[in-house]
Amino acid sequence: MPAVADQTDLLLRVRGIVQGVGYRPFVQRTASRLGLRGWVRNDAQGVLIRAIGPAAAVRSFAAALREQAPAAARVAAVESRRPDPAAVPAGEEFAILASPPRGLAVTPSVPPDLALCPACREELLDPRDRRRGYPFINCTQCGPRYSLIEALPYDRPRTTMRAFRMCPACQAEYDDPFDRRFHAQPNACPQCGPRLILTGPAGEVRAERDAALAAAVALLRDGRIVAVKGVGGYHLMVDATAEAAVLELRRRKHREEKPLAVMFRDLAAVRAVAEVPDEAGRLLTSPAAPIVLLARRPGTRLAESLAPRNPWIGALLPYTPLHVLLLRAHGGPLVATSANLSEEPLCTAAEEAHERLAGIADAFLDHDRPIAHPVDDSVMRLAHVGPILLRRARGWAPAPLGLPGNLPGHLLCVGAQMKNTVGVAAGDQVVLSPHIGDLAGAATLAAFRRTIEVLGQLHEAAFSGVACDKHPDYASTQHALRLGLPVVAVQHHLAHVLACLLEHQHPADGVLGVSWDGTGYGEDGTVWGGEFILLQGGAARRFGRLRPFRLAGGEAAVRDARRVALGLIHEAMEGHFGPAAHGFGLGASESATLHTMLVRGLNSPVTSSAGRLFDGVGALLGLGTHNQFEGQTPLAVEAAARSGRGLFTPLALAVREAGAGADCELDWAPLLEQLLARRAAGQEPGPLALAFHRALAHGIVEMARRAGAGTVALTGGCFQNALLLDLTAAALREAGFRVLFHRDLPPNDGNIAAGQALGALWNLTTVTLPA
């Protein structure tokens, strides 16, 4: 168009989470208020805008795109340039244009699912509102997103809502730029949207709509187990105050001791049974609405079997309108655990749920809005240094993370074996899937493959390469090798450190990565897990490790902490068990067999694992013998340490030359000898567990001093332990170090795919060993 005096004509590209969050309506309203003309539309790279008007107004508009964006949006970048002659012309007003056909450009950002917003909640409970009591109410600021998207850009015909044609009233809202539901893709009401259905175990329909909700509440009050279809899958729900009902759920689900999450009606109900710091309250009521681990108050009405021998309770608030209605009608807290057998993926479709949950659920509260992609609940806990994300799923994934450079093509990152996530890296960002799970089972492995297929379809990605772990037996690694693509294999513990650096956009220089977890395949073929990786000049070296020891029985020792304890004693006492090897439930014959295995190295791999060190110390302190779920014994050690606060019992670690495999090692043997002596003298486990944590923290400081790096990155599953993270961060800061830890990724294996992406970008895949 011809130039006009004092007029500016700009194309503005907005990247980030800007689709499905009311961003285009916000852009149109802002432009109209400033007297601009032009247009806005979604495309494969985010949002594209043409703005024409007075220069000062266009400048104000460009600033508002970031500073005044909707709360659910995450603006990563705003770029501007002059339009070329082929640009779509502007009309006399500011319009929202239809999305163009997709091209193979940069990886787009898929919006995560968001919890019910206050405005929709108010309408849901307003007896005068046309959507009162409607369990699928939503707007541009809340509701399903990733779980219903089948293709990008994000428009209703590309979602599972395409089968629901809007009634005139909903269409009018959708078309009104000043309405909260303007271009809200899942917009619906009781006249035109999804409906509730209650079915029995055989699939027979028992009730529909409001009657279905009432019948489900009656079953829950009667102690029955109801499978409830939510945003990203089904929950198994049962009365959280009914001990018999909770025990029956555990029996049917084969979940002996792993804690069960509990959904509460509101924040006041949570406060009645748990300590809720301000930060926890903010998280629980945030758009992500995660499960938050909270300290449980004694003497509440909650069933004891919700979290046996565990001082924490996993609490969450209703995050969908269906949950709000269900909790209000029931009146009390409800167990809300993933509807599956232990370690299996979520059920998402009615037929699948009836098949896989046969014999578990007494009834199914279902609906007819299909779920495109399973999404589990995110899980967090609090530390003094900030929240720790334990599982990155609903509310977070698949929000992108920025890369400090550009990758050519599309790189598939397949992650690890446990707590698997997969990612797609392209251009200057990596997009991670929600939590998938442990790949040992056939159902989870199938979900892993489906997720890769889905990410490829959403991103229209013809993968040019694949990044994986170096462990040859990981199912994810084996899948990567079968694809016939160029493979980048990144060492496991290095990937942890790189994921932490990615979050902080920190270079691979002057950093000591403390990568502590349960197990990972080492560059020397042994089982690593207590690593000190020094990054200098873009290269990684194994500067240090925890003193290695043997695991009697290999994988059996992961489940049986007593075997780990024997391995520690065997190493510390140079092959002689003595009286310390008895007294935690092993008979003389079994103890002798395990001793022989350790002496001869029979099925007893060498490890430097910090996670196993926690297991062994837990067994020696009498805090647990078996792990019924991952991390159970280390969790008990942390809980005991918290009970021992204020009682100072110093224990010491030593730093010594490592010989082959590392420059030096942190020797836990002196600590173990002191711990055994004091336990034999009758000292309680709590103060000793606390001293163990403090000794580890100070040992990390000493290793950092020796390494000479100014920055320390704390990563790996052991730093899910909030006490260890707090003590270590405080000790390092007091010693003058800059400390990095995870904020937007879990410290556990859920971050491996992100680290693999950065390893591929930097061509940093190997941890070198000392000559």
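Preceding this section is the structure that the text describes.
Just so we're clear, the structure is a prediction, and the values are computed from it rather than from any experiment.

**Remarks on the sheet that holds strand β14 (residues 363-367)**
Reasoning step 1: Across the sheet, 11 strands lie side by side as β7-β6-β14-β8-β9-β13-β10-β12-β11-β15-β16; this open sheet has mixed pairing. Only two strands of the sheet have a single neighbouring strand rather than two, namely β7 (205-208) and β16 (386-391).
Reasoning step 2: Alignment of strand β15 (residues 379-383) against β16, held across five bridges, turns out to be antiparallel. Among the inter-strand pairings, Arg381 is bridged to a residue of β16, identified as Ile388.

**As for the sheet that holds strand β18 (residues 423-432)**
Reasoning step 1: The sheet built from four strands is open, its strands ordered β18-β17-β19-β20 with mixed pairing. Either end of the sheet is taken by a strand with one partner, and the two such strands are β18 and β20 (487-490). On average, adjacent strands in this sheet sit at an angle of 55° to one another, irrespective of strand direction.
Reasoning step 2: With eight bridges joining them, strand β17 (residues 400-413) and β18 adopt antiparallel strand pairing.

**Brief notes about the nonpolar core**
Reasoning step 1: Leu326, Leu365, Trp516, Trp668 and Leu732 are the most contacted members of the largest nonpolar core, which totals 118 residues.
Reasoning step 2: Tallying contributions element by element places helix α20 (residues 685-707) first for this core, with 12 residues.
Reasoning step 3: In this structure, Tyr234, Leu284, Val292 and Trp396 belong to the second largest nonpolar core, which totals 40 residues.

**Quick word on the side chain of Gln632**
Reasoning step 1: Looking at the element boundaries, Gln632 is found in helix α18 (residues 632-643).
Reasoning step 2: The class for Gln632 is buried, based on a relative accessible area of 10%.
Reasoning step 3: Ignoring any residue separated from it by four or fewer positions in sequence, one finds Gln632 in contact with Glu257, Arg309, His626 and Asn627.

**Some remarks on the pattern of salt bridges**
Reasoning step 1: One pass over the structure, following the stated rule, counts 43 salt bridges.
Reasoning step 2: Glu523 is the partner of Lys470 in a salt bridge, and the nearest nitrogen-oxygen pair spans 3.1 Å. Here Lys470, found in the loop between β19 (465-469) and α12 (475-482), pairs with Glu523, found in the loop between β21 (511-521) and β22 (527-536); they are 53 residues apart in sequence, far enough to count as distant.
Reasoning step 3: Across the salt bridge formed by Glu571 and Arg547, the nearest N and O atoms sit 3.0 Å from each other. Of this pair, Glu571 sits in helix α15 (residues 561-572) while Arg547 sits in the loop between β23 (539-546) and β24 (549-550), and the two are 24 residues apart along the sequence.

Conventions used here
- Residue positions are given per chain, counted from 1 along the sequence in the order it is written.
- Per-residue local features are limited, in this predicted model, to residues with pLDDT of at least 70; the limit for side-chain atom pairs, both in listing and counting, is 80 or more; totals at the level of whole chains, interfaces and linings are taken over all residues.
- In computing side-chain values, all of the structure's heavy atoms are included and hydrogens and water are not.
- Here the rule is simple: two strands pair whenever DSSP picks up at least two bridges between them.
- Helix numbers and strand numbers start at the N terminus; a helix is a DSSP run of H or I with at least 4 residues, a strand a run of E with at least 2.
- The convention used is that axes are lines fitted to C-alpha atoms, helices contributing only their stretch in contact, and that angles between N-to-C directions extend from 0 to 180 degrees.
- What we call a nonpolar core is a set of buried Ala, Val, Leu, Ile, Met, Phe, Trp, Tyr and Cys residues that are connected through their side-chain atoms within 4.5 Å.
- Exposed residues in this analysis have more than 50% of their type's maximum accessible area, buried residues have under 20%, and partly exposed residues fall in between, with area computed by a 1.4 Å probe over protein chains only.
- In this description, contact between two residues means that some pair of their heavy atoms is separated by no more than 4.5 Å.
- Put simply, a salt bridge is a Lys or Arg side-chain nitrogen that is within 4 Å of an Asp or Glu carboxyl oxygen.

Keep in mind these numbers describe shape, not what the thing actually does.
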